[in-house]
Amino acid sequence: MIVKSEKVHDKKSEKKRRIIIILSLVAALLIVLYFILVNFLVSAALVPSFMEKLKSFERITNDSYEAQVHTSDIKVNHQFAINDTYEWLETVERRKISAETEDGYTLVAEEFLSDENNHKWALILHGYTGWKEEMYPFAHWYYEEGYHIIAPDLRCQGESEGDFIGMGWTDHYDCTLWISYILLRDSDAKIVIHGQSMGAATALMMTGEKDISQHICAVVSDCAYTDAYSMFGEKIKQWFYLPAFPIVDTACLVLRIRGGYNLKDASAINAVKKSNTPTLFIHGDADAMISVEMTKQLYDAADCPKELLIVEGAGHAQSQDKDPDTYYGTIRSFLEKFIQE
């Protein structure tokens, strides 16, 4: 009887071990699949070449367009600005320039030199999945105001090389290369950084650095987000219909391994708390991509000379088309206080 009891016990123990092994293998497989999913999502959101293969780049562009405000005044003003910019591009002196990052990528920008003999410079930064050409209407305005302009393609976008879109973090380091370039050209340069969306967040992150160049006299932040971590969480839900937690935290780990930075580092709101750079915050109150509340939070947190412009009826990056007179008039008045010859 004792022998039989031991055999039964051994069989139960063996069965239990098999169940534990199976459950462990299933758990391990689920973890592997989960990390594959997160890795896929990181590439689908931050690697343009991968995005194009998935056609997610096209879908995100279409979704972004649908989320815009499509009133007749915005359409008319936008088309007028485009036509006016095309005419200007036919006559203006410009040239393509490049810079090399510490990790070996070539960044490309367009330089526009004003006929004015002054020291005013504007560094103009585009947004997520954007390119320098879409910022040329702003370059045109700054040119008419007597500024020399640098309009770069940010890392991994347009003509610039890179591995991952930097969400402002790697970009705010990269953009110091353009500041250095300007100072080589003009040691007395007085620089304004004008960014839209991710470009605005990039500019704000630059102002939070202890060693920021004293030649950066002002920032124009148009529809910036508070931090990339929050933005990534919102877009995971919006674009991929998945929960932000725990996916975004895992994405931070994956991106740290693959891209060398953490989404939590890319925080414009932490930067403005340390900033001394005069900053004009602009946002449209009908922005469906980045909530106007984010700019209000940035404005409240900023520890620097600051102004706030909320444009009624403007969607994401549409303030200049909704009310161009107020938009550019406010920028002109703001910059006159801090950039003078």
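Before reading further, recall that the structure is shown in the block above.
S.K.: A description of the packing of aromatic side chains should follow, citing residues and the corresponding values.
M.R.: Applying the stated criterion to the full structure yields 14 aromatic pairs. Each ring, one from F334 and one from F338, has its centre 5.1 Å from the other, and the planes form 55°; the classification is tilted. Within this pair, F334 and its partner F338 are both found in helix α13 (residues 324-338), separated by four residues, close to a single helical turn. An aromatic cluster is defined as three or more aromatic residues linked by ring pairs; in this entry it consists of F138, W141, Y142, Y147, Y327 and Y328. Just above the ring of Y299 sits the side chain of K306; from NZ or CZ to the centre is 4.6 Å.

S.K.: So what's going on with the environment of T71? Residues and values would help.
M.R.: Relative to the assigned elements, T71 resides in the loop between α3 (56-66) and α4 (72-89). Distance from T71 to S319, taken between C-alpha atoms, is 12 Å for residues 248 residues apart in sequence.

S.K.: Give a description of the state of the cysteines that names residues and reports values.
M.R.: Two cysteines whose sulfur atoms are joined by a covalent bond form what is called a disulfide. The final tally for this structure, using the stated rule, is zero disulfides. This cysteine, C175, is not joined by any disulfide, and C156 carries the nearest cysteine sulfur, 15 Å off. Take C175: its relative accessible area is 1%, and that puts it in the buried class. Left unpaired, C304 is separated from the closest cysteine sulfur, that of C217, by 14 Å. Since its relative accessible area comes to 13%, C304 is described here as buried.

S.K.: Kindly report on the sheet that holds strand β8 (residues 306-311), identifying the contributing residues and their values.
M.R.: Whether parallel or antiparallel, the strands of a sheet pair through hydrogen bonds between backbone atoms. Reading across from one edge, β1-β2-β4-β3-β5-β6-β7-β8 is the order of the eight strands in this open sheet, with mixed pairing throughout. Here the strands that pair on one side only, and so sit at the sheet edges, are β1 (94-100) and β8. Taking each pair of neighbouring strands and ignoring which way they run, the sheet shows an average axis angle of 20°. Both strand β3 (residues 120-125) and strand β5 (residues 190-196) contribute to a ladder of six bridges, which runs parallel. Bridge pairing in β5 places L125 opposite G195.

Calculation rules
Residues numbered from 1 in each chain as written. Predicted model: local features only at pLDDT ≥ 70, side-chain atom pairs only at ≥ 80, totals over all residues. Heavy atoms only, no water. Phe/Tyr/Trp six-rings, centres within 6.5 Å; stacked < 30°, edge-to-face > 60°. Helix = DSSP H or I, 4+ residues; strand = E, 2+ residues; numbered from the N terminus. Lys NZ or Arg CZ within 6 Å of the ring centre and 35° of its normal. Disulfide = S-S within 2.5 Å. Buried < 20%, exposed > 50% of the residue type's maximum accessible area, 1.4 Å probe, protein only. Pairing = 2+ DSSP bridges. Axes fitted to C-alpha atoms, helices over the stretch in contact; angles between N-to-C directions.

Treat this as a map of the structure, not an account of what it does.
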